[in-house]
Amino acid sequence: MNEAPTLHDALYRSIFAANPDALLLVDTAGTIVLANPAASRLLGYDAAELSGMNVDALVPDAIRPRHAAYRNAYAHNPRPRPMGMEMALVAKRGDGSEVMVEIALSPLQDQGLPYVVAAVRGIEGYPRVQQALQRARYSDLIAKMGSLAVDTRDPELLLREVPQAAAEGLQVDAAMVYLLEPSRLEFRVVSGVGVDGIRALGSKVANRPDTPAGFVLAQGAPVTVADYRDERRFVVPPEFLDRGLVSSMGVPLSDRGQTVGVLGVHSRRARRFDEDELRFLQSLSNLLATSLQRAQSEEALNHAQRLESVGQLTGGIAHDFNNLLTVIQGNLQVLEEHPAIGGDDNAQQMLASAVRASRRGAELTGKLLAFSRRQVLSPSRVDVSALLHSLAGMLRRTLDQRIRIEVQAPATAPCLADPGQLEASLLNLAINSRDAMPAGGLLNFACRAKSHLPPEVAAELGVAANAAGAYVAIDITDNGPGMSEAVRERAFEPFFTTKELGRGTGLGLSTVYGFVKQSRGAVRLHTAPGAGTTVTLWLPSFVAPEATKTGGGEPSLALPPGLRVLLVEDEAEVRSVVRSFLRTLGCTVTEFGTAEQALASLAEAADHDLLLTDIALGAGMRGTELARRVRARHPGIALLMMSGYSSDLLRREDLDPLTPDLLRKPFDRAQLAQAVAQALAARGGVA
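Residues numbered from 1 in each chain as written. Predicted model: local features only at pLDDT ≥ 70, side-chain atom pairs only at ≥ 80, totals over all residues. Heavy atoms only, no water.

Caption draft 1: Quick look at the sheet that holds strand β15 (residues 441–448). Strand order across the open sheet formed by five strands is β13-β15-β16-β18-β17, with mixed pairing between neighbours. Strands at the two margins of the open sheet, each flanked by one partner only, are β13 (403–408) and β17 (522–527). Each strand axis lies, on average, 15° off the axis of its neighbour in the sheet, ignoring direction. Along the sheet, helix α13 (residues 384–398) contacts β13, β15 and β16 (471–478); its crossing angle with β13, the most-contacted strand, is approximately 170°. Sitting on the sheet, helix α14 (residues 419–436) touches β13, β15, β16 and β18 (533–540), and the angle it makes with β16 is about 25°. (Pairing = 2+ DSSP bridges. Helix = DSSP H or I, 4+ residues; strand = E, 2+ residues; numbered from the N terminus. Axes fitted to C-alpha atoms, helices over the stretch in contact; angles between N-to-C directions. Contact = heavy atoms within 4.5 Å.)

Here's what the structure looks like:
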């Protein structure tokens, strides 16, 4: 009869001891009466140490007063509280460390016992808790990098720290930053951790789609590799496999639509990176790219100040202003034709004034773009004689009065060149001549069509020496001290200058040389000590179109009825104006704001005769790349590009294989119709 209570007591103690959760038997004063082995393991105390301890000692110091108040309130109204209430708490262990826990409370007062059983479970191994901890770790690292990006003006420091943060946060074996070289043909490994034997810092990697970094850049989006042994999209470098690397993730370093490199991480474990990990790496890449772009912008600003020019800053303003002018001029043209305006003379006068002002604005932005050297060359007919007389008149008002300016420019054949760039080049040469004659002197401009080309010029241009009639020569001569042979040989080298510090950058003649060469011409320098200097620009003559020479008049602006146009323009108001123009020209328009949306539509239906796309399409794919992809899928489609600039986003040679013309913003409906007709003609009409 006396064995039953003893048996039950042993059974209960065994159950108490065997429970996997930490169990604490606590009295109403908060004193621990009994603890099981799991409690000792979780909380870091021996069972004997726990016995007699107040539970408040297991609470972190910062929240201990609140816990004591909660415990006192609970003692007056004890009630069962199960686990799974999404209440993550923190317990303080014997060594001072902390552990995340969940707690269930079971009061025994109903059984007449003045105790509460507290079941404590460590939850740091729970997936949801691990995810929360991981996100918190990511947030801490990003905040640290963000603070560093704001506080430091040295991007080199961030370049060193970001790979470390990426490796620490993602628990990977290596992290590297690849930056594009100025040529954009190669990457350079500029920083990294765990890269020994993988990539040497400073080493070069080709920017091709068959290299890991080149593939990320070509995709323009994050790329993950679960196992290099199964990778077929690009060639896995042997050194990756030799070092035991198995998986990786790479993201572009992009800021404001400009990609400058790639941030990549590598692991020796096969793993599939989740969305949280991807967002973390993208956040780091955005911080780094923004810092690099900020440093680049600051360097560009300093460079512009050293040049005593704000040209570097005007290009972007002019580009945006051209978009605004496209909207303004387009809506003005629509208003001019509105019936309500037709009979109102006062409204017509105001409209005409607004149109004239917008055209002057377009001329101004054109000059800003030419001045800032951010304009794609737009060769056209240039009356060289008129240009030289106009330039000389301006220089007489602005240069030192001790410099006499003469012009020997009889009417001659016009040349084919970008007017703004030609004027800027001549102005640059005039400034050089002024600097060479600080005490005054003679500056002479001349132009003519010579009877023959010098042999070296003919050889450089790849034409016969008697082809002089196809070129116009422009001379800029000064009677300054001239140049020595050593200086003359280096005169066109970028950054070479004989001027004192702060007076020149050595870019003047090199930019003139680049402009003339890009215009399919040649430049020659004739000088000697004490004999002055003459710079001669050889530019191709303008040849009138056949229709004009035969008296055919302007080409017809009529377009095929029902022409199907795919319009891609990221500026909604510009897109609206262009859509309106096209519809009044009888076109059927399908419009999109991004290249990605346009490509998706082509996958579903390819019924388009013409692709009309802006070059710069925000942060997404550029218009040039869209044109290449569309032409690859549908070779018969006609292509027409439009742009408000820009050499940063567009190189003229990128366009030549695709379309002979570029529609410059702002434009009116007639100019749009002419450009569309030319694009269709270039493709042989509607496919």
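Caption draft 2: Quick look at the sheet that holds strand β4 (residues 98–107). Read across the sheet, five strands follow the order β2-β1-β5-β4-β3 without closing on themselves; strand pairing throughout is antiparallel. Lying at the two open borders of the sheet, with one neighbouring strand each, are β2 (32–35) and β3 (89–92). Along the sheet, successive strands turn relative to each other by an average axial angle of 40°, direction set aside. Two elements, β3 and β4, share four bridges in a ladder whose sense is antiparallel. Of the residues in β4, the one forming a bridge with Leu 89 is Val 101.

Caption draft 3: Structural detail: the nonpolar core. If you look at the biggest cluster of nonpolar residues, it comprises 35 residues, and the most contacted ones within it are Leu 388, Leu 422, Leu 426, Leu 443, Phe 445, Ile 474 and Leu 537. For this core, the element with the highest residue contribution is α13, accounting for six residues. Among all residues touching Leu 443, those that are not within four sequence positions of it are Leu 399, Ile 403, Arg 404, Ile 405, Glu 406, Ala 430, Ser 433, Met 437, Ile 476 and Thr 477. Counting 30 residues, the second largest nonpolar core, distinct from the first, contains Ala 165, Leu 278, Phe 280 and Ala 289. (Core = buried A, V, L, I, M, F, W, Y, C linked by side-chain atoms within 4.5 Å. Buried < 20%, exposed > 50% of the residue type's maximum accessible area, 1.4 Å probe, protein only.)

Caption draft 4: Geometry of the state of the cysteines. A complete count under the given rule lists zero disulfides for this structure. There is no disulfide at Cys 415, and the cysteine sulfur nearest it, in Cys 447, is 9.1 Å away. For Cys 415, a relative accessible area of 0% corresponds to the buried category. The exposure class assigned to Cys 447 is buried, which follows from its relative accessible area of 2%. (Disulfide = S-S within 2.5 Å.)

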